[in-house]
Amino acid sequence: MTVTYTARVANARFCGFSKLLLAWKGSIYKVLYKEFLAFFAMYTAISITYRFVLYDDQKRYFEKLAIYCNHYASLIPMSFVLGFYVTLVVNRWWSQYTSIPLPDRLMCILSGGLQGSDERGRLLRRTMMRYASLSALLILRSVSTAVFKRFPTMDHVVEAGFMSREERKKFESLQSPYNKFWIPCVWFTNLAAVARCEGRIKDDHTLTLLLEELNGFRGKCSMLFHYDMISVPLVYTQVVTLAVYSFFLVCLIGRQFLDPNQGYPGHDLDLYVPIFTLLQFFFYAGWLKVAEQLINPFGEDDDDFETNWLIDRNFQVSMMAVDEMYGDLPMMERDRYWNDSNPRPPYTAATLFVLRKPSFQGSTFDMAIPKEEMHFQPLEDIAENMEESSSYHPNMALFNRLLNAAPSPTALMGGALRRTSAQLQRLRHSPSIDQCTSDDDDDDDDDESVKIGKGGSLPSGLGQDTQSTVSSVRDAKGLRTPLLEVQFVANTERQRHSVFNEKKEMSEVEEKSDEELYIREEREEVESTVGEIQAPSSRLLRPPQSSRETSTRSASAIPFTSRHRSAFTFHPAADSSLEHCSSQPAINHNRAVPTIPKPPLGGNKKSFLTVPSHNEPQRFRSVSMGSELTGS
C-alpha cells in the first residue's frame, strides 16, 4: 500500500523530515541498498588490487588512468539528463492517477435520475452501476499486475459477482481482437434507453446528463489503457540509465585514492573510503530509482497505486448509493441556527486562537490615502486633462527650449538651401540652360542688370531663389543697400520676346519628381559649397567699396574659387549675343550644355562677383546660396 506520512509533516518544525529518514518501507534505503553495496564492493576490490597486487610500473600506469578518468568523467551531463527524465516521469505518474475511473459522480446522477422504488427500478439502478464497475475492473485487470493476480481469468470475475454467467456468455460471443472493456458501458447505455422508454428517467435532459457522465467514466478507462500502451520512449530511458551507470563505472577508477608520495595534484590525502563519491552515488542512483519506481505505478512496489483497494471501495460505495440510499432520507427539522442571522459554529479550546485573528477583508482594506486625493474631480476637468496629456508631452517644453537655444546651421543659409539644391540638381541633369534676360524698362541709368552669355551659364538656383539674387538687384537702388550684383560680359542683346518663350519652357521643366530623386545627393554638394563660402573673409572678400562703384564695376575684378567650375565661369567670346537675366531661369531642352572654357581675362580663371564695402555695416545676399549674411 502507498506509504502515507502526511500527518507527520502537517506542521513545519525543527528537523521536521528527520523522523522520516528512519522509515524503511518505501524508503530509498530499501530500494537502493543492493546497488550501493555492489558499488562499494567493486570500489574496494579495485583499491586493494592497486595497493597490494600491482607492481610499481603498473601502479604508475594505473595512476595515469585514474587521473584521466577523473578528468573526463565530468563531461557526462548527469544532472541535466536525470532532472528532465525524473520530471517527466513524476508528471506522468500523477496524470495516471487522475485517470483512474471513479464512480462517485455517476452514482449520484443515477440515484437521482432513475426513478422507481419498486423491484424493477432497484434492478435497473444496481445493474447499471455494476456494469460501470465491471468496465473499471476490466481495464484495471489489463494494466495492473496486482489486479490481474487477483482476477487472473474471467471465471474469477464471475465468481466475484461483477458479471453473471449469461453476461459472460454474451461478452465472449462478441468477437473483437481488441480489449473489450468498453462492452459493459454499451450495456449501460442500452439500459438507460430502456429506462427512458419506461418513463423512469423523466426527461431527455436527465438522460443526456447521465450519458455524459458515463462517457467521462469510459474516457478515463480509455486513458489508462493508452498510458499502459504508450510508455516513455525507450531511448530516453536507455540514455539515462547508460549515463548513470557509465558515470559510476568510470568513478570506480577515477575516484581512487592515489599514492601521495607521487605528488599528483589533488591526491595529497589517502582516506581509503571515498565518502563523497558514495554520497554522489547515493543521490544520483537514488534519483534514477525514483524514476524507476514511478514510471509504472500499477505494479506492486511500496508506493504504487492500491488498485485492489480502489476496486473494493468503488464497488461498495456505488452499490450503496443507488440501492440502500435511494429514497432513504432523514427527517427534516429546523437547524440550530434557525433564528440566528449570524450563525457561528463553536470552537474547542485548542482552536480559540482563530477567534483572536481579525477576518481578512482584502489586501487594500487598510491602505491609507491622503485626504486631498479623495475628492472627486469634475468630469469636464478630467476630460481636458486627458486631452492635454494626449497631445502634449511633459518634456516637450524643455526639448523645445533646448532646440531654440542650440545654434542652427540653417540660420545662416535661411530658406534658400532647399531651393538652391533643387536648382543645382536641375543644372546638372537638364539638357541646357539657355539665355535669360531681365526686363528693366522702367529703371533709370543706375539700374543694374544681369547678362548671361552663350558660352557660360548662371546656376539656376542663382536666378530662381525667390528673387534672392538677380531680381533683388532692382530693390538695391531703392534701399541704397546694394546686394551682390552679377554682370557677365557679352556682345549683343537679344530680342525681348525671347524672354517670355524661355520662361514658358522653364515652367514645363520644373517637375517635383526630379527634385525628390536627387535632392539628397545635391544637398551634400551644396553643404560642401557652403563650407567654402563660410571660410575666412580674407579668402573670399576684397576690401569693400562704395555702392556706386560696386554697381559700375566689371564683374571680372574679383576672383572667386568654387568647386563647381562650370557654374560660375564661361568664355565671353563663345557667343556674340547679349542677354538679360530674368528673375526666373529659362531652360532650353533642345540644346545640350555647352563646354565652358576658361575666361581670358588676365590669363586666370575669374568669377564675376562684386562684394560690398567693409566700411559700412550692411546686409548682402550670397549668390551661391541665396542666404543673407551680415557684413561688418
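Here's what I pulled together on the structure shown here. (Residues numbered from 1 in each chain as written. Predicted model: local features only at pLDDT ≥ 70, side-chain atom pairs only at ≥ 80, totals over all residues. Heavy atoms only, no water.)

Some points on the layout of surface pockets
And step 1. By volume, the largest pocket is sized at about 730 Å³.
And step 2. What lines the largest pocket is a set of 22 residues, among which Y5, G26, S27, I28 and D303 lie closest to the centre.
And step 3. Broken down by secondary-structure element, the contributors of at least two residues to the lining of the largest pocket are α1 (28-53) and α12 (275-294).
And step 4. Counting residues per element, the lining of the largest pocket draws most heavily on α12, at five residues.
And step 5. Classifying every residue of the lining of the largest pocket gives 12 nonpolar, six polar and four charged. (1 Å grid on protein atoms, 1.4 Å probe; cavity = no way out; pocket = protein on both sides within 12 Å on 5 of 7 lines; lining within 4 Å. Points joined across faces, edges and corners; volume = space filled by probe spheres on them. Helix = DSSP H or I, 4+ residues; strand = E, 2+ residues; numbered from the N terminus. Nonpolar A, V, L, I, M, F, W, Y, C, P; charged D, E, K, R; others polar.)

Examining unusual backbone geometry
Residues apart from glycine generally show negative phi values, whereas peptide bonds are mostly found in trans.
And step 1. Non-glycine residue C15 carries a positive phi angle of around 55 degrees.
And step 2. Here C15 lies in the segment before α1.
And step 3. Relative accessible area serves as the criterion here: at 44%, C15 is assigned to the partly exposed category.
And step 4. Positioned with a positive phi, Y272 is a non-glycine residue whose angle comes to about 70 degrees. (Buried < 20%, exposed > 50% of the residue type's maximum accessible area, 1.4 Å probe, protein only.)

Re helix α4 (residues 104-113)
And step 1. Taken together, the buried positions of α4 are L106, M107, I109, L110, S111 and G113.
And step 2. At its buried positions, α4 is contacted by α5 (119-143), α9 (183-197), α10 (204-229) and α13 (307-324). (Contact = heavy atoms within 4.5 Å.)

Overview of the pattern of salt bridges
And step 1. Across all of its chains, the model carries 18 salt bridges by this definition.
And step 2. Put simply, K289 and E35 hold a salt bridge, and the shortest N to O gap is 2.8 Å. Placement of K289 in helix α12 and of E35 in helix α1 is noted, with a sequence separation of 254 residues between them.
And step 3. Residue classification places K289 among the buried residues on the basis of a relative accessible area of 13%.
And step 4. For E35, a relative accessible area of 26% gives the class partly exposed.
And step 5. Here R200 and D118 are joined by a salt bridge, their closest N and O atoms 3.0 Å apart. One end of the pair, R200, is in the loop between α9 and α10; the other, D118, is in the loop between α4 and α5, with 82 residues separating them in the sequence. (Salt bridge = Lys/Arg side-chain N within 4 Å of Asp/Glu carboxyl O.)

Points about the packing of aromatic side chains
For any two aromatic rings, the description comes down to two numbers: the centre-to-centre distance and the angle of the planes.
And step 1. Scanning all chains against the criterion turns up 24 aromatic pairs.
And step 2. With a centroid separation of 6.1 Å and 45 degrees between ring planes, the pair formed by F36 and F281 is classed as tilted. Of the two residues, F36 is situated in helix α1 and F281 in helix α12; the sequence distance between them amounts to 245 residues.
And step 3. For F281, a relative accessible area of 8% translates into the label buried. (Phe/Tyr/Trp six-rings, centres within 6.5 Å; stacked < 30°, edge-to-face > 60°.)

Here we look at the nonpolar core
And step 1. Counting residues in hydrophobic clusters, the biggest one holds 47 residues, and the most contacted among them are L110, M128, L140, V157 and L210.
And step 2. Contributions of two or more residues to this core are made by α4, α5, α7 (154-159), α9, α10 and α13.
And step 3. A per-element tally of this core places α5 first, with 12 residues.
And step 4. Of all hydrophobic cores here, the second largest spans 26 residues; its members include L32, A73, V244 and F257. (Core = buried A, V, L, I, M, F, W, Y, C linked by side-chain atoms within 4.5 Å.)

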